[in-house]
Amino acid sequence: MTSHRLRSLGFWSLVVAILAYMTLPTLVVLMTSVNPTEILAFPPEGISFQWYEKALTYPDFQRAFKNGLIVTSLASTAALIVGSTFAWLVHRYTFRGRGLLEAVLWSPLIIPHFTLGFGFLLLGGAFGLQQGYVMIVLAHMVLVMPFVTRAVYVSLANIDPDLTRAAANLGASPFHVLTRIELPLVLPGMAGGWLIAAVLSLTEFTASLYVTGSRTQTLPVAMYNYIREYADPTVSAISALLIIATTLIMFIADRAFGLRRVLAIDTH
Amino acid sequence: MIQRRPFFITFLAPAVVTAVILAAALFEVLQYSVREFVPGSLNVGGFTLDNFTRINRPIYWWVLLDTFYISLLTAVFSLLLSYPVAFALVRAKRDWVRSLLVSLSITPLFTGEIVRTFSWMLMLGSDGFINSMLRKLSLIDMPLQIMYTRLGVVVALVQFSMPVMIILLATAISHVDRDCEKAAANLGASPGAVFWRITLPLTLPGILSGIVVVFAWTMSAFSTPQLIGGGKVLMISNLVYLQGFSVLNLPFAATLSLIALIAALGSLVLMKSLTGRLEKRLAIG
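Keep in mind it's a predicted model, so treat the numbers as computed, not measured. (Residues numbered from 1 in each chain as written. Chains lettered and ligands numbered in written order. Predicted model: local features only at pLDDT ≥ 70, side-chain atom pairs only at ≥ 80, totals over all residues.)

*Asks:* What is the right way to read the overall build of chain A from this model?
*Replies:* Looking only at helices and strands, chain A has 12 helices and 0 strands in total. Counting helices and strands in the order they occur from the N terminus, chain A gives α-α-α-α-α-α-α-α-α-α-α-α. The principal-axis extents of the C-alpha atoms in chain A amount to approximately 70 × 70 × 30 Å. The burial tally for chain A puts 46% of its 268 residues in the buried class. Long-range pairs, those at least 24 residues apart, make up 75% of the contacts in chain A between residues at least 6 apart in sequence. (Helix = DSSP H or I, 4+ residues; strand = E, 2+ residues; numbered from the N terminus. Buried ≥ 20, exposed ≤ 12 C-beta atoms within 10 Å, placed from the backbone. Contact = placed C-beta atoms within 7 Å.)

*Asks:* Sorry if this is basic, but what is going on with the UniProt feature "transmembrane region" (unreviewed entry) in chain B here?
*Replies:* Residue and element names in this part refer to chain B. Per the UniProt record, "transmembrane region" (unreviewed entry) is annotated on residues 7–27, 59–89, 146–173, 194–217 and 250–271. The span residues 7–27 shows a helical share of 95% and a strand share of 0%, and its end C-alpha atoms are spaced 30 Å apart. Between the end C-alpha atoms of residues 194–217 there is a gap of 32 Å, over a span that is 96% helix and 0% strand. (UniProt positions renumbered as here; feature names shortened; annotations may be inferred.)

*Asks:* Looking at this structure, I do not really get the UniProt feature "transmembrane region" (unreviewed entry) in chain A. What am I missing?
*Replies:* Residue and element names in this part refer to chain A. Those places that UniProt annotates as "transmembrane region" (unreviewed entry) correspond, in this numbering, to residues 12–34, 69–91, 103–127, 133–156, 185–210 and 230–253. Each end of residues 12–34 is marked by a C-alpha atom, and these two atoms are 32 Å apart; helix forms 96% of the span and strand 0%. End-to-end, the C-alpha atoms of residues 133–156 are 32 Å apart, and along that stretch the chain is 100% helix and 0% strand.

*Asks:* Is there a simple way to think about the pairing of strand 2 (residues 44–47) of chain B in this case?
*Replies:* It is a general feature of regular strands that their side chains alternate between the two faces of the sheet. Residue and element names in this part refer to chain B. With 2 bridges connecting them, strand 1 (residues 35–37) and strand 2 associate as antiparallel partners. Each bridged residue has a counterpart across the sheet, and for R35 the counterpart in strand 2 is F47. Here strand 1 folds back onto strand 2 in antiparallel fashion, the turn holding 6 residues, of which G40 has a positive phi close to 80°. (Pairing = 2+ DSSP bridges.)

*Asks:* Got a minute to help me understand the interface of chain B and chain A in this structure?
*Replies:* By convention, interface size is frequently given as the accessible area that disappears when the constituent parts associate. Counting residues at the interface gives 74 residues for chain B, matched by 66 residues for chain A. With 18 residues, the top contributor of residues to the side of chain B that touches chain A is helix 1 (residues 8–33) of chain B. Its residues assigned to classes, the side of chain B that touches chain A shows 51 nonpolar, 17 polar and 6 charged. (Nonpolar A, V, L, I, M, F, W, Y, C, P; charged D, E, K, R; others polar.)

*Asks:* Any chance you could explain the UniProt feature "domain: ABC transmembrane type-1" (unreviewed entry) in chain A here in plain terms?
*Replies:* Summarizing the sequence annotation, UniProt attributes the feature "domain: ABC transmembrane type-1" (unreviewed entry) to residues 65–253 of chain A in the numbering used throughout. End C-alpha to end C-alpha, residues 65–253 of chain A measures 22 Å, and it is 80% helix and 0% strand.

Structure follows, in structure tokens:
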């Protein structure tokens, strides 16, 4: 074996070992979710779906799942509307105060989620809306919006400016340029951004812990409360379902809308 | 009439409304941080700076230091483990290898922090995966105590932060001009020398931004120190939660979360100036 071969073998073994560290916890969750008894064994001594049954029939999880769906659909759709129009604004226009507006709306990427959640908790208190859906949806929307904005902005920037200019020269109204030229071209970016926003909202925990109450808690918060009191594989089952669901959604998003481009990972 | 800026208001209005709401929420944190705590009540008293002077006690300094220390360790180990993966991800010759590497390294980002923290509890517990395996291999008699230690928290945090680190490093590595490497190799540099003297220095800006982003990100981690630290490892986020929900001292919780925000912002500003300087130097050199 040449030294080049040897080095390459060593490098790839290292990569495989690191990837094992990254993926092992997920595999262990999947493994324990079918564990037949309450006491974990590695590998499990048999297969049972009782924890899935328990997870799906546990009232707290059922309600939390429903709450989560309400919050996620409202928050990601609101984020889609505000994030998209904001992307158009930044793409097309410069104006006084644009820098400040951008700084504020990008800031949730940097602000700790507990600071933001705490802020919305206090804001809700000031208006008598604490632990209500309004504040939860607002907090989620603000947190996931940057991802929509980014996805839409990237799509807009990729449009050939000659296209819109030609349409305008041929007499298309601004409304037509927007709806007939730009919108169809940006639609995949909007859909991809919306899916990312939905997944992030569905799995958001820290800010949700601050803004939700026992009646409005979302699934991650209900899971946290369960973990603190019980130690059985019920949470493994619900985690496994979440892992499968998010992986599927992201896979579809990647296939359909080029997720890698949305996340700006270029490998070439 | 020809509109000079079609739809300007339509595009502007939603963004402004959202920005105002977000600013109001942050302003509430600021406002509470300068209010007096009334024990036994959620209402706050008059304006005061006591919350900020209260920070100046050893116990809070220790939590702050520990937060910095854990975040720094996480950032460094995340970098060391992510670089080979990012390198493989960019340079793999086969398409399916690249796709597989992207999926394996990025998907953990989307399962959410509770699922990931819980999976590490299953890994690290005294009856967890690691201890069971070690016992099966007869390497240990007594289970290793990894849960409720700083080590356990860092092990989990490193794994959480790796997708983001890999994305940033992969972007930096894909921007390296392969001709520079080829030229060095043609001039007789060994593959090792090409990597250490050409590739690595050219990706320094990416390395730096990766470290700082992960550092800032880890400083605001909550569920991992909360559940894996189990009260034995306190980061600033856990202190905020404790003050806000157990002690019900909202003003002090606000002060602490404001400090966390400032620390996160500060490290990013620091990064901007460092990478800016570095890129200038790279451009000259």
